[in-house]
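Read off the chains here:
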Amino acid sequence: MKKYILQYFIPVVALCLLYACKKSDGVTNQPYLAYGTAGTNGQLKINIAYAYTINSANALIKLNGTAVSNLLAGRTPFPGGGFNTNGSNFAIYLAVPTGANAVSVVIPKVGTNVDSIVLYSTTVTIPDNSPYTLHITDTLVSSTVNNTKSVLVKNLIPNIDTGRALYRFVNLMPNVPSVDLYLNGILVKGGAGYLVATDTFSIRTGVNAPGYTPSTTATWAIRPAGAASTTTALATYASASPLASQGVFTAFAMGYSGGLTTRLPFISFTMDKNQ
C-alpha cells in the first residue's frame, strides 16, 4: 500500500512545486499576476521614469514597507518592462492588496536593509483588481529638495483586432508642458500634458503602419506640442522588431528637453498586455 501512496504522492508534490514557481517573478520571489489571471488582488506595475542627478542605479522599490524588487536603474518598469527600457518585456504586475498601498523608492546602505536615501514615497489607492501603473518622474534636485512626482494610471485592456495595437501616451517630462508623439513621421497623438495620460488610441501594425510605405523599422519620436514634424525631435526610438498585433502599451516621454547624461530625454514603452 505504501508503494502506491508514494507512486501518486511524488507527482502531486512536483505539480504543486511547479505551480508555486509560476506564482513568483523568478527574480524577487514576490507574487505577481500576469494580466488576465483571475483574482481578488489588485495589480500594480511601477514605472521608475525619473531623471535623478545622483547615481540611483541601486534603488529598491518597497511596497508597504517590504522590498519587492531587485536593484534597479532608472527607466525601468517593474515588474515586467517594455521597449527602450532597462526592464524585461513581459506584461506582468505585482499582486497587491486592494485599497491603500505605501510605495517608496529607496537607496539602501551597502550590505544592509537600512534605507540610506528615500528617493520617493507615496500612498496609492488600488480600488479593484484591474491593472494599474504608477509612473514616477521628475528629479531629486539636491539632498534637501525633492520634486519627485507620480501619476497612477488604470490600464485599459480590451480585446484588440488582429492587425492593430492599443496605446496610450503619458508625458513625464518636467520641462516640456505638452508633448506630441510620432510614428514613422506621422503624428499619432498630440498634446499630452505633464503628468497626464491621454485616452487610448489604436494603431495599424501591418508593415509598421501608419503611413504605410512599407517600413521594416518602426521609428518613434517626441516633439514639443505643435512643433512641425520637420523639427528636431526631443528623442527618438527605432526598433527593428515589428509592431505587436493585439498588444497593449503605454508610451511615455521622460527626462528633460536638452538634458544630458542622467537627464537625457527618452521615448519608451511599458508593456501592459502581451499579444
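Scroll up a little and you will see the structure.
Below, the structure is looked at part by part.

Rules of the game
Residue positions are given per chain, counting from 1 as you read along its sequence in written order. With the structure being a predicted model, the display of local features is reserved for residues of pLDDT at least 70 and the display and counting of side-chain atom pairs for 80 or more, all residues being used for whole-chain, interface and lining totals. Only hydrogens and water are removed before side-chain values are computed, so all heavy atoms of the structure are retained for them. Only DSSP runs of H or I reaching four residues or more are called helices, and only runs of E reaching two or more are called strands; each is numbered from the N terminus. In this scheme, a residue with accessible area under 20% of its type's maximum is buried, one over 50% is exposed, and one in between is partly exposed, where area comes from a 1.4 Å probe on protein chains only. Whether two residues are in contact is decided by their heavy atoms, any of which lying within 4.5 Å being enough. Per-residue accessibility takes into account occlusion by the displayed protein chains alone, with areas from the Shrake-Rupley method and a 1.4 Å probe. Centres within 6.5 Å make a pair out of two Phe, Tyr or Trp rings, where for Trp the six-membered ring is used; the pair is then stacked when the planes are under 30 degrees apart, edge-to-face when over 60, and tilted otherwise. In this analysis, strands are considered paired if DSSP registers two or more bridges between them. For this document, the term salt bridge refers to a Lys or Arg side-chain nitrogen within 4 Å of an Asp or Glu carboxyl oxygen. Under this definition, polar contacts are N or O atom pairs within 3.5 Å; protein pairs additionally need one hydrogen-donor-capable and one acceptor-capable atom, and for neighbouring residues in sequence, both atoms have to be side-chain atoms. Here the axes come from fitting lines to C-alpha atoms, over the contacting stretch only for helices, and the angles between their N-to-C directions go from 0 to 180 degrees.

### Side note on the overall build of the protein chain
And step 1. On a plain count of helices and strands, the protein chain comes out with one helix and 19 strands.
And step 2. Buried positions account for 46% of the 275 residues belonging to the protein chain.
And step 3. Partitioning the contacts of the protein chain with sequence separation of at least 6, the portion at a separation of at least 24 is 62%.
And step 4. Surface exposure of the protein chain reaches about 13,000 Å², of which carbon and sulfur atoms provide 57%.

### Observations regarding the packing of aromatic side chains
And step 1. One pass over the full model with this rule turns up seven aromatic pairs.
And step 2. Taken together, a centroid distance of 5.4 Å and an interplanar angle of 25° make the contact between Y167 and F249 stacked. On the criterion of sequence distance, the pair formed by Y167 in strand β12 (residues 164-172) and F249 in strand β18 (residues 248-254) is long-range, its members being 82 residues apart. In terms of burial, Y167 and F249 fall into one category: buried.
And step 3. Relative to F269, the ring of Y167 has its centre 6.2 Å away and its plane inclined at 75°; by these criteria the two rings are edge-to-face.

### Observations regarding the pairing of strand β15 (residues 201-204)
And step 1. A one-sided burial pattern is seen for β15, the buried positions being F201 and I203 and the unburied ones S202 and R204.
And step 2. Sheet analysis places β12 next to β15, joined by four bridges and oriented antiparallel. Pairing of A165 across the sheet is with I203, part of β15.

### Notes on the pattern of salt bridges
And step 1. Evaluated as defined, the whole model comprises three salt bridges.
And step 2. With a shortest N-O distance of 3.6 Å, D138 and K149 are connected by a salt bridge. With D138 in the loop between β10 (131-137) and β11 (149-154) and K149 in strand β11, the pair connects residues that are 11 residues apart, well separated along the chain.

### Observations concerning the pairing of strand β17 (residues 235-239)
And step 1. Here β17 shows one buried face, formed by A235, Y237 and S239, and one open face, formed by T236 and A238.
And step 2. Across five bridges, strand β16 (residues 218-224) lies against β17 in antiparallel orientation. Along β17, the bridge assignment pairs A218 with S239.

### Some details on the side chain of S268
And step 1. Within the fold, S268 resides in strand β19 (residues 266-273).
And step 2. Separated by 2.7 Å, the side chain of S268 and the backbone oxygen of N84 make a polar contact.
And step 3. Beyond its immediate chain neighbours, meaning those up to four positions away, S268 contacts R75, F83, N84, T85, T250, A251 and F252.

### A word on unusual backbone geometry
And step 1. Backbone torsion omega between F78 and P79 reads -10°, so that peptide bond is classified as cis.
And step 2. With respect to the secondary-structure elements, P79 resides in the loop between β5 (76-78) and β6 (82-83).
And step 3. Positive phi, close to 50°, is recorded for N184, a residue that is not glycine.
And step 4. For L195, which is not glycine, the phi dihedral falls at a positive 65°.
And step 5. Residue placement: L195 occurs in the loop between β14 (186-193) and β15.

### Overview of the sheet that holds β14
Sheets are built from strands paired through backbone hydrogen bonds, the pairs being either parallel or antiparallel.
And step 1. Taken in spatial order, the four strands line up as β14-β13-β16-β17 in an open sheet, and their pairing is antiparallel. Looking at the sheet topology across the chains shown, the edges are occupied by β14 and β17. Between one strand and the next, the sheet's axes are offset by a mean angle of 15°, whatever the strand orientation.

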